[in-house]
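Spelled out, the chains give:
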Amino acid sequence: MTTPKRPGEDPTATVRFDVPADVRAEALRIVRAKHRPALLVLTHAEVGTRCALEQTTLVGRDPQAGLVLRDPGVSFRHALIEDRGDAWAVIDLGSTNGTQVNGVVTTERLLVAGDRISFGKTIVRFEVQDALDQQYDEVLDRLLNIDELTGLYVRRKFDRELKTLLDAAQLRGEPVGLLVMDLDGVKKINDAYGHVFGAHVIGHSGHLIGVVLGERGIASRFGGDEFLAALPNADVGQAEALGEELRAAIDVHPFACEGVPLHVSISIGVAAFPASATSATALFRVGDDALYRAKQAGKNRVCR
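Residues numbered from 1 in each chain as written. Predicted model: local features only at pLDDT ≥ 70, side-chain atom pairs only at ≥ 80, totals over all residues. Heavy atoms only, no water.

(A) Spatial organisation of the pattern of salt bridges. Using the criterion set out here, one finds 17 salt bridges in the structure. As a salt-bridge pair, Glu 82 and Arg 84 come within 2.6 Å of each other at their nearest N and O atoms. Residue Glu 82 is classed as partly exposed on the basis of its relative accessible area, which comes to 22%. Residue Arg 221 is joined to Asp 147 by a salt bridge in which the shortest nitrogen-to-oxygen separation is 3.3 Å. (Salt bridge = Lys/Arg side-chain N within 4 Å of Asp/Glu carboxyl O. Buried < 20%, exposed > 50% of the residue type's maximum accessible area, 1.4 Å probe, protein only.)

(B) Fine view of the nonpolar core. Counting 33 residues, the largest nonpolar core has Leu 179, Met 181, Leu 183, Ile 209, Leu 231, Val 264 and Ile 268 as its most contacted members. Of all elements in the fold, only strand 12 (176-184), helix 4 (186-193), helix 5 (195-213), strand 14 (226-232), helix 6 (236-252), strand 15 (255-257) and strand 17 (265-273) reach the threshold of two or more residues within this core. Ranked by residues supplied to this core, first place goes to helix 5 with seven residues. Ignoring sequence-local partners within four residues, the contact set of Leu 231 consists of Pro 175, Val 176, Gly 177, Leu 179, Leu 213, Arg 216, Gly 217, Ala 239 and Leu 242. (Core = buried A, V, L, I, M, F, W, Y, C linked by side-chain atoms within 4.5 Å. Helix = DSSP H or I, 4+ residues; strand = E, 2+ residues; numbered from the N terminus. Contact = heavy atoms within 4.5 Å.)

(C) A look at the sheet that holds strand 11 (residues 122-129). Reading across the sheet, the six strands line up as 2-1-11-10-7-8 and stay open at both edges, with antiparallel pairing between neighbours. In this open sheet, the two strands that pair with only one neighbour each are strand 2 (50-52) and strand 8 (104-106). Here the strands of the sheet are splayed against their neighbours by 30 degrees on average, with no regard to which way each runs. (Pairing = 2+ DSSP bridges. Axes fitted to C-alpha atoms, helices over the stretch in contact; angles between N-to-C directions.)

(D) Here's a closer look at the packing of helix 4 against helix 5. Taken N-terminus to C-terminus, the directions of helix 4 and helix 5 make an angle of 145 degrees; their axes are 7 Å apart at the nearest point. Along the contact surface, helix 4 presents Val 186, Ile 189, Asn 190 and Tyr 193, while helix 5 presents His 195, Phe 197, Gly 198, Val 201 and Ile 202.

(E) Structural context of the packing of aromatic side chains. The final tally for this structure, using the stated rule, is two aromatic pairs. Ring centres of Phe 222 and Phe 284 lie 5.9 Å apart, and the angle between their planes is 90 degrees; this geometry places the pair in the edge-to-face category. Of the two residues, Phe 222 is situated in strand 13 (residues 218-223) and Phe 284 in helix 7 (residues 280-296); the sequence distance between them amounts to 62 residues. On the basis of relative accessibility, which here comes to 21%, the residue Phe 222 falls in the partly exposed class. Over the ring of Phe 284 we find Arg 155, and its NZ or CZ is 5.1 Å from the ring centre. (Phe/Tyr/Trp six-rings, centres within 6.5 Å; stacked < 30°, edge-to-face > 60°. Lys NZ or Arg CZ within 6 Å of the ring centre and 35° of its normal.)

(F) Structural detail: the confidence of the model for the chain. Per-residue confidence for the chain gives a mean pLDDT of 88; residues scoring 70 or more make up 84%. For the stretch residues 1-17, pLDDT sits under 50, and the model shows four contacts to residues farther than four places along the chain or on other chains. (pLDDT = per-residue confidence, 0-100.)

(G) Structural view of the pairing of strand 6 (residues 88-92). Burial runs high along strand 6: five of the five residues are buried. Side chains of strand 6 alternate between two faces, with Trp 88, Val 90 and Asp 92 and Ala 89 and Ile 91 buried alike. The antiparallel hairpin formed by strand 5 (residues 79-83) and strand 6 contains four residues in its connecting segment, where Gly 85 sits at a positive phi of about 85 degrees. Bridge analysis of strand 6 against strand 9 (residues 108-110) gives three bridges, and the strand direction is antiparallel. Pairing of Ile 91 across the sheet is with Glu 108, part of strand 9.

(H) Structural detail: the sheet that holds strand 5. On the basis of which strands lie adjacent, the open sheet formed by five strands has the order 4-3-5-6-9 and mixed pairing. Pairing within the sheet leaves two strands with one partner each, and these edge strands are strand 4 (67-68) and strand 9.

(I) Seen up close, the environment of Asn 102. Following the sequence through the fold, Asn 102 ends up in the loop between strand 7 (99-101) and strand 8. Excluding residues that lie within four positions of it along the chain, Asn 102 makes contacts with Arg 109, Gly 114, Asp 115 and Arg 116. There is a polar contact of 2.9 Å between the side chain of Asn 102 and the side chain of Asp 115. (Polar contact = N/O pair within 3.5 Å; in protein donor to acceptor, adjacent residues only side chain to side chain.)

(J) Examining helix 6 more closely. Counted at 1.5 Å a residue, the expected span for helix 6 with its 17 residues is 24 Å, and the 25 Å between its end C-alpha atoms agrees. Within the span of helix 6, buried status applies to Val 236, Ala 239, Leu 242, Gly 243, Leu 246, Arg 247, Ala 249 and Ile 250. Projected down its long axis, helix 6 carries its buried residues within an arc of 165 degrees, all on one side. Where the residues of helix 6 are buried, they touch strand 12, helix 5, strand 14, strand 15, strand 17 and strand 18 (302-303). (Expected span 1.5 Å × (residues − 1). Arc of directions from axis to C-beta.)

So, in structure tokens, the structure goes:
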């Protein structure tokens, strides 16, 4: 039954009704689950980075930002991508170089799918993804950032994450541990049984490193049978202790392939920011030197 209009009321006006807050929130949640907003970095150092938006998100060089951009033209706290319930908006936070949407300078603007937002020299696209887009992005992200053999980060992704960890540690006055690792004995396995057996050992070793690390750090396979791990808030001593956990886990693990028992060990070099070095490159060099000492001392050991 149609509700009669009051005298003088526009007959074409939408009839207003009140929706309980919890019903409205659930409706928004369902819509967002099917159409998830995201930011895709199109240019500069973080090209290809995708940031799913679930709440108001800070964009800037601040290592605590939801989307960290290292472009020197981007301010420390450059802008917000603000959640307005049924819409998203970009709000410039008084940045030095300003924010543009589709080439137009703005301080605040609602976003629509496909908008290109410029922060400094970095261009980011605002996207609204359906379920198929989301699945595609998850597959693409894995192909770009995860080593298929080990399940660990590829070196490019690890390097970006390490820089973010170091920036955050510098702000907080906290250490970051680094482990530079190399398996012992893979060449003998390759020579005796073939590279399929060697790859089996490398893959399982990488997965084991990921399991032992858990939430305590991030790890990467950066070539052949070599691995890296970064440990937030871990000094040299703590990094060394975790390195020993990894060494012991690899040493006792019952590797086998096609019924053939295999054994490898791992040598580990330890370094930590800022005690050992204050840049990612220098930190790796210190850890790599320590790894060399571990190899020279007989392998299957941890050195700092």
